[in-house]
Amino acid sequence: CEGYAKADPRVRYHRNAVNIGLYGNFNLLLGMVRTPYVKLASADDFWAPAMLADAMAEMQRDPSLVLCHPRAVLVDEGGREIRRYEKSLPLMEDDPSVRFRRVLTELGLVNQLMGVIRTDAVRSMLPLMKQPPADSVFLAELCLYGKIKELPSFQYFRRFHEECSSWDRKSESHQLKRVSGGTRRVRLATWKYHWGLVRRLLHSPLGLRAKL
């Protein structure tokens, strides 16, 4: 990374002094972005060479989109395909309340966040929560700011192994170590999840009737 930063002024390199966790790191990076679009890259996942160009083309063509993402392939630690993730969740409805409810009732693995996101929308949102399930709350909030398009091609390759954050969602110690950067127990997790959703709904640009 340092080599790329020295060779190309467009590349910036930053290393945290301490582990601030997955979502703390996302918050930091989203605050540092200078471009109109941003793509997060998590752990050791990878994507097809055409993925960025395909997503960018859709974002530039349709200003109502706040996120464009490909479909996902689950792979092992060596990059070998396990299976294609067939669950599809395009959120192209005009009514943001419909999109919001669909995220809460139909969301599976949160592969969407590894797509291309419109930076202006992120700037208007609240920071990600520091504990699970911050990713699903973030996606629910994001869909209040615009539509989310799913590309038909399988261009995102998500690794699944014992060290990844999604491997054991029932283990609190596993989640805390990889997601929040610490070992402090998350208390009142269900309450925090629902309050997080309410806060973000109230903070959104929707009118009062739509929020209700």
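None of the values given here were measured: they were computed from a predicted structure.

**Notes on the overall build of the protein**
When helices and strands are counted, the protein shows nine helices and six strands. Burial statistics for the protein: of 212 residues in total, 46% are counted as buried. For the protein, restricting intrachain contacts to residue pairs at least 6 apart in sequence, the fraction spanning at least 24 positions comes to 70%. Of the roughly 12,100 Å² of accessible surface on the protein, a fraction of 54% belongs to carbon and sulfur atoms.

**Some words on helix α8 (residues 189-203)**
Between its first and last C-alpha atoms α8 spans 21 Å; for 15 residues at 1.5 Å apiece the expected length is 21 Å, and the two agree. Buried within α8 we find G196, L197, R200 and L201. Summarising the axial view, the buried residues of α8 lie within an arc of 130°, below the 170-degree limit, and thus occupy one face. Facing away from the buried side of α8 by more than 90 degrees, the exposed set consists of W191 and L202. On its buried face, α8 is in contact with α4 (96-106), α6 (134-142) and α9 (208-211).

**A look at the environment of S88**
Position of S88 among the secondary structure elements: in the loop between β4 (81-84) and α4. We classify S88 as partly exposed; its relative accessible area is 34%. With near-sequence residues (within four places) excluded, S88 lies in contact with R71 and E150. Here the side chain of S88 touches E150 through a polar contact of 2.5 Å, side chain to side chain.

**Regarding the pairing of strand β6 (residues 147-159)**
In the sheet, strand β2 (residues 46-47) pairs with β6 via two bridges, with the strands oriented antiparallel. Pairing of F46 across the sheet is with F157, part of β6.

About the thresholds
Residues numbered from 1 in each chain as written. Predicted model: local features only at pLDDT ≥ 70, side-chain atom pairs only at ≥ 80, totals over all residues. Heavy atoms only, no water. Helix = DSSP H or I, 4+ residues; strand = E, 2+ residues; numbered from the N terminus. Buried < 20%, exposed > 50% of the residue type's maximum accessible area, 1.4 Å probe, protein only. Contact = heavy atoms within 4.5 Å. Areas by Shrake-Rupley, 256 points an atom, 1.4 Å probe, with all protein chains shown as cover. Expected span 1.5 Å × (residues − 1). Arc of directions from axis to C-beta. Polar contact = N/O pair within 3.5 Å; in protein donor to acceptor, adjacent residues only side chain to side chain. Pairing = 2+ DSSP bridges.

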